[in-house]
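# Structural overview for review
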Amino acid sequence: MDFLQYISTPALTLESNPLVTKLRLTHGRLIGGYLHFPYGPAATLHFLARIGNHQILPFNTGQNYRLDDAVMPFTLGIDLTEPPYIIDLITWNDSTSYAHALTIAFSIG
């Protein structure tokens, strides 16, 4: 099963008060997916994902994705065994003028 989420983050959404989009999944094994940054954000749009307090994308805490015109596939191996089956998709946008968007997809096998 694939779960897809489009996220548009307004200009001047600060890291100290990011946009948190909750993606509801289902029971199963989170096996991977992809992250798509379209052309435009040029390192002003930031993204990370957490399950509870644990950062899963990127896996190293304190880091985030800030790409431009890129599709990044990823592989995971996380069992979703207890509800709630929710991933927090966290974005912020350093741009002073423009909203920026990305799309993320997760696969459960």
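Presented here is an overview of the structure given in this document. (Residues numbered from 1 in each chain as written. Predicted model: local features only at pLDDT ≥ 70, side-chain atom pairs only at ≥ 80, totals over all residues. Heavy atoms only, no water.)

Residue position: Ser-107 is located in strand E8 (residues 100-108). Assessed through its relative accessible area of 19%, Ser-107 is described here as buried. Among all residues touching Ser-107, those that are not within four sequence positions of it are Met-1, Asp-2, Arg-29, Leu-30, Ile-31, Gly-32 and Gly-33. (Helix = DSSP H or I, 4+ residues; strand = E, 2+ residues; numbered from the N terminus. Buried < 20%, exposed > 50% of the residue type's maximum accessible area, 1.4 Å probe, protein only. Contact = heavy atoms within 4.5 Å.)

So, on to a nonpolar patch on the surface. Taken together, the side chains of Leu-4, Tyr-34 and Val-71 make up a nonpolar region of the molecular surface, amounting to roughly 290 Å² of accessible area. Structurally, Leu-4 can be placed in strand E1 (residues 2-9). Under the relative-accessibility criterion, Leu-4 is labelled exposed at 55%. (Patch = residues over 30% accessible without salt bridge, like charges linked within 9 Å, V, L, I, M, F, W, Y side chains within 5 Å. Areas by Shrake-Rupley, 256 points an atom, 1.4 Å probe, with all protein chains shown as cover. Salt bridge = Lys/Arg side-chain N within 4 Å of Asp/Glu carboxyl O.)

What follows deals with the environment of Glu-82. Tracing the backbone through its elements, the reader meets Glu-82 in the loop between strand E6 (70-80) and strand E7 (86-93). Residue Glu-82 is classed as exposed on the basis of its relative accessible area of 63%. In the structure, Glu-82 is positioned 54 residues away from Gly-28 in sequence and 9.6 Å away in space, judged by C-alpha atoms.

Among soluble globular proteins, nonpolar side chains are generally buried collectively. In this structure, Leu-25, Leu-30, Phe-47, Leu-57, Leu-89 and Phe-106 are the most contacted members of the largest nonpolar core, which totals 23 residues. At the level of secondary structure, the elements contributing two or more residues to this core comprise E1, strand E3 (28-37), strand E4 (45-51), strand E5 (54-57), E6, E7 and E8. Counting residues per element, this core draws most heavily on E8, at four residues. Setting aside anything within four residues of it in sequence, one finds Leu-57 in contact with Phe-47, Leu-48, Ala-49, Tyr-65, Phe-74, Leu-76, Ile-104 and Phe-106. (Core = buried A, V, L, I, M, F, W, Y, C linked by side-chain atoms within 4.5 Å.)

Let's shift gears to the packing of aromatic side chains. All chains considered together, the criterion is met by one aromatic pair. Ring geometry for Phe-74 versus Phe-106: centroids 5.6 Å apart, planes at 65 degrees, classification edge-to-face. Placement of Phe-74 in strand E6 and of Phe-106 in strand E8 is noted, with a sequence separation of 32 residues between them. The buried category is assigned to Phe-74, whose relative accessible area is 9%. Given a relative accessible area of 0%, Phe-106 falls into the buried group. (Phe/Tyr/Trp six-rings, centres within 6.5 Å; stacked < 30°, edge-to-face > 60°.)

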